[in-house]
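Chain and residue survey
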Amino acid sequence: AVLSILDAQSINSLLHIFDPKVSESVVSTAEVLLIEGKRASKRASFATALSRRYAIIIAHTGKEALEALEKSTPDIIVLNAATTRTSGHRICVAIQQFSADIPIIHIQKQGQKQASPRSKSPADILLNMPFTPRKLFNRIDRFIAAKDGEMLKTGPFQMNLKSRVLTTKNGEQRLTPKLAKLME
């Protein structure tokens, strides 16, 4: 069973009660499915940071994540494999087979090597620990902005029209305005 659902509107309301200066748009209405181990340490857990900006659904295993996907369709999935007892590869594959159109951010431990070239993560973005929550927010926000029609997608290429960032399996590259127009 999915452990908890934090609603962005209720978080905004609570923030506004404690600090009336807080604007109503502090927390996005985007929904994030966070897959994180039960015993995630405070240093490795992203639940608190994500709940401050997004509505989150927390699952502790791949099976719980698939159950959550049957009940709702999040805007993005964050797999924190650094807190689980697995590399996260099989979870990514299962999620992609279940719902290929939801972007996945795969977080892995520092120095974790892929078992073989064939076991490359099928996630849209692969992040290696350590990094700041800001880096994770930036990656999530790119995909959420793409839902508003700012993203072009063709084969293995994705381009954010507003920020002119081209994303491939090999990474991200900021394009010049002229090159971005050519890519369109």
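You'll find the structure just up there.
Within each chain, residue numbers correspond to sequence positions counted from 1 in written order. For this predicted model, a pLDDT threshold of at least 70 governs which residues receive local features, and a threshold of 80 or more governs which side-chain atom pairs are given and counted, while totals over whole chains, interfaces and linings are taken from all residues. With hydrogens and water set aside, each side-chain value is computed from the structure's full complement of heavy atoms.

**Considerations on a nonpolar patch on the surface**
- For patches, a residue must show more than 30% relative accessible area and have no salt bridge; joins then use 9 Å for like charges and 5 Å for nonpolar side chains, namely Val, Leu, Ile, Met, Phe, Trp and Tyr. Accessible areas in this description were obtained via Shrake-Rupley with a 1.4 Å probe; residue shielding takes into account the shown protein chains only. Salt bridge, as used here, is a side-chain nitrogen of Lys or Arg placed within 4 Å of a carboxyl oxygen of Asp or Glu. Residues L179, L182 and M183 make up a contiguous nonpolar surface patch of about 300 Å² in total accessible area.
- Within the secondary structure, M183 is located in helix α6 (residues 177-183). Secondary structure follows DSSP: runs of H or I at least 4 residues long count as helices, runs of E at least 2 residues long count as strands, and numbering of each begins at the N terminus.

**A short note on the pairing of strand β2 (residues 31-36)**
- Each residue's exposure class comes from its accessible area (1.4 Å probe, protein chains only) as a fraction of the maximum for that residue type: buried when under 20%, exposed when over 50%, partly exposed otherwise. Counted residue by residue, β2 has 5 buried out of 6 residues, so it is predominantly covered.
- By this definition, two strands are paired if DSSP reports at least two bridges between them. Judged from the 5 bridges that link them, β2 and strand β3 (residues 55-59) form a sheet pairing that is parallel. Among the inter-strand pairings, E31 is bridged to a residue of β3, identified as A55.
- In the sheet, β2 pairs with strand β4 (residues 76-80) via 5 bridges, with the strands oriented parallel. Bridging across to β4, I35 finds its partner in L79.

**Digging into the packing of aromatic side chains**
- Two aromatic rings from Phe, Tyr or Trp, using only the six-membered ring of Trp, form a pair when their centres are within 6.5 Å; if the ring planes differ by under 30 degrees the pair is stacked, by over 60 it is edge-to-face, and anything between is tilted. For the coordinates displayed, the defined rule picks out 2 aromatic pairs.
- When the centroid spacing of 5.3 Å and the interplanar angle of 10° are considered together, the rings of F46 and F131 count as stacked. Of the two residues, F46 is situated in the loop between β2 and α2 (47-51) and F131 in the loop between β6 (125-128) and α5 (133-150); the sequence distance between them amounts to 85 residues. There is no split in this pair, since F46 and F131 are both buried.
- Centroid distance Y54 to F137: 6.2 Å. Interplanar angle 65°. Geometry classified as edge-to-face. Residue Y54 is found in the loop between α2 and β3, and its partner F137 is found in helix α5; the two are separated by 83 residues along the sequence. You'll find Y54 and F137 in the same group, each marked buried.
- The rule is short: NZ of Lys or CZ of Arg within 6 Å of the ring centre and within 35 degrees of the ring normal puts a charge over the ring. Across the ring face of F137, the terminal group of R53 is positioned such that the distance to the ring centre comes to 4.6 Å.

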